[in-house]
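Given next are the chains, with one letter for each unit.
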Amino acid sequence: MAHLLLRAGREPRQRGLRLHDAGDAPARHGGRRRSRRARRRAGFLGVDLGLKDRVAVVTGGAAGIGAAIAETLALEGCRVWIADRDFDAAGRTAAALPDGTSDRAVRLDVAEAVGVEEAFQEILRAEKRLDVVVCNAGVLRTQSFVESSAADWEAVSAVNLTGVLNCCRAASRPMLAAGRGRIVNIASISAARGGGSVGNVLYGTSKAGVVALTLGLAREFGPSGVTVNAIAPAIAETAMTRESLTEETRARIVARVPLRRLATPSDIADAVAFLASDRASFITGAVLPVDGGLLTT
Ligand SMILES: NC(=O)c1ccc[n+]([C@@H]2O[C@H](COP(=O)([O-])OP(=O)(O)OC[C@H]3O[C@@H](n4cnc5c(N)ncnc54)[C@H](O)[C@@H]3O)[C@@H](O)[C@H]2O)c1
């Protein structure tokens with residue numbers, strides 16, 4: 001299917017790495033994807049990401065960024081499993097993927113370690129292999145630290161940090177045994193800033209834990225051929241953020257972003273597909289901002 005695309009015949013510094021489509025991200029997100037033939041006619045050379053027939057699991061893949069990641073990996077040829085606590089939505093999303101089926105939906109609350117192990121066992125029984133795991137499930141609470149309670153931290157950290165840890169542990173055993181695998185954790189730029197535009201200190205702290213986990217696991221798993229990387233997205237409009245994104249907040253954020261827009265779920269999905277691919281075989285322990293340059297400001 002689609003691939004990293006290098007525009008032919010340009011200076012190296014002008015070359016654009018593109019997934020799926022030559023359009024800009026908003027057009028790509030909302031618009032139709034070009035066929036491979038159309039992209040070739042437009043002067044793009046396909047570079048195979050090597051994801052065909054790889055088995056991928058996306059936690060929290062039923063909606064939002066996770067659904068975009070699932071779609072992108074499926075377009076790249078992966079057999080994608082949607083693992084989500086909303087099982088009905090997971091089934092609908094899995095069935096709507098290219099070559100998808102609701103049979104590749106699994107009920108999963110990432111915060112429940114035993115349930116996570118069982119869900120990964122179910123996938124392994126069905127597929128006999130596990131190549132890519134994207135730890136994407138997350139929750140946001142917005143309040144000032146002084147107004148937050150121990151229960152708020154429990155709720156945020158159980159999903160955002162313990163949940164990622166549970167899934168990394170469950171994924172690591174078959175991957176280490178196979179001597180290969182790709183884990184991509186979805187952190188946030190709020191990890192670097194102790195919160196952010198709409199996320200608060202609790203959220204940022206949980207995401208900082210994801211970054212530390214990613215670095216440590218990259219070191220521990222590297223000798224066995226398993227890479228562990230993270231994506232640090234800036235704010236994207238999804239169910240998680242919609243309520244906080246008033247016109248005023250959106251304008252304030254966009255004015256601070258050097259590339260002058262919010263992230264889209266497909267911006268994040270493209271970065272995940274790259275890190276999950278053979279093209280990223282010497283990259284581990286990286287935390288890749290997908291933020292339009294926001295961290296530079
Ligand atoms: N939206 C943003 O602006 C933004 C920015 C930076 C990072 N992120 C991160 O990206 C990830 C996805 O965010 P989103 O905006 O798509 O969120 P979303 O709320 O739109 O979707 C989250 C999905 O995760 C599932 N989920 C929630 N808790 C779960 C649990 N305990 N177990 C299993 N599934 C669970 C939900 O059912 C849903 O399908 C999160 O980790 C989030 O922190 C989002």
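Residues numbered from 1 in each chain as written. Predicted model: local features only at pLDDT ≥ 70, side-chain atom pairs only at ≥ 80, totals over all residues. Heavy atoms only, no water.

Looking at an unreviewed UniProt entry, the chain carries the name SDR family oxidoreductase, with the source organism given as Hansschlegelia zhihuaiae.

So what exactly am I meant to see when it comes to the side chain of D152 here?
Looking at the element boundaries, D152 is found in helix α6 (residues 150-178). At 3.0 Å, the side chain of D152 and the backbone nitrogen of S149 are in polar contact. Apart from the residues within four sequence positions on either side, D152 is in contact with R141, Q143, E147 and L202. (Helix = DSSP H or I, 4+ residues; strand = E, 2+ residues; numbered from the N terminus. Polar contact = N/O pair within 3.5 Å; in protein donor to acceptor, adjacent residues only side chain to side chain. Contact = heavy atoms within 4.5 Å.)

How do you make sense of the pairing of strand β5 (residues 79-84) when you look at a structure like this?
Residues in a regular strand project their side chains so that they alternate between the two faces of the sheet. Counting buried residues in β5 gives 5 out of 6 residues, a clear majority hidden from the surface. Of the pairings in the sheet, the one linking strand β4 (residues 55-59) to β5 comprises 5 bridges and is parallel in character. If you follow A56 over to β5, its bridge partner there is V80. Considered for its hand, the β-α-β crossover made up of β4, helix α3 (residues 64-75) and β5 is right-handed. Here β5 runs beside strand β6 (residues 105-107); their pairing, made up of 3 bridges, is parallel. Looking at the pairing, D84 lines up with R107 of β6. Each parallel crossover has a hand, and the one from β5 via helix α4 (residues 87-96) to β6 is right-handed. (Buried < 20%, exposed > 50% of the residue type's maximum accessible area, 1.4 Å probe, protein only. Pairing = 2+ DSSP bridges. Right-handed = clockwise from strand over helix to strand, strands pointing away.)

Quick question: what am I supposed to make of the packing of α6 against helix α8 (residues 201-221) here?
What describes two packed helices is the angle between their axes and the distance between those same axes. Two numbers describe how α6 lies on α8: the axes approach to 9 Å, and their chain directions differ by 15°. With respect to α8, the element α6 is oriented roughly parallel. The interaxial crossing formed by α6 with α8 has right-handed handedness. The residues of α8 that touch α6, namely those facing D152, W153, V156, S157, N160, L161, V164, L165, C168, S172 and L176, are L202, Y203, T205, S206, K207, G209, V210, L213, L217 and F221. (Axes fitted to C-alpha atoms, helices over the stretch in contact; angles between N-to-C directions. Parallel < 35°, antiparallel > 145°, perpendicular 65-115°, else oblique. Left-handed = near helix turned anticlockwise from the far one by under 90°.)

Even after reading the chapter, I still don't get the layout of surface pockets, so can you show me in this structure?
A water-sized probe rolled over the atoms picks out the places where empty space is left. Roughly 890 Å³ of internal volume is contained in the largest pocket. Surrounding the largest pocket, 42 residues form its lining, N136, G138, V139, T238 and M240 being those nearest its centre. Counting residues per element, the ones that place at least two in the lining of the largest pocket are α3, β5, α7 (190-193) and α8. At 3 residues, the largest contribution of residues to the lining of the largest pocket is made by α3. Among the residues making up the lining of the largest pocket, the classes are represented as 23 nonpolar, 13 polar and 6 charged. (1 Å grid on protein atoms, 1.4 Å probe; cavity = no way out; pocket = protein on both sides within 12 Å on 5 of 7 lines; lining within 4 Å. Points joined across faces, edges and corners; volume = space filled by probe spheres on them. Nonpolar A, V, L, I, M, F, W, Y, C, P; charged D, E, K, R; others polar.)

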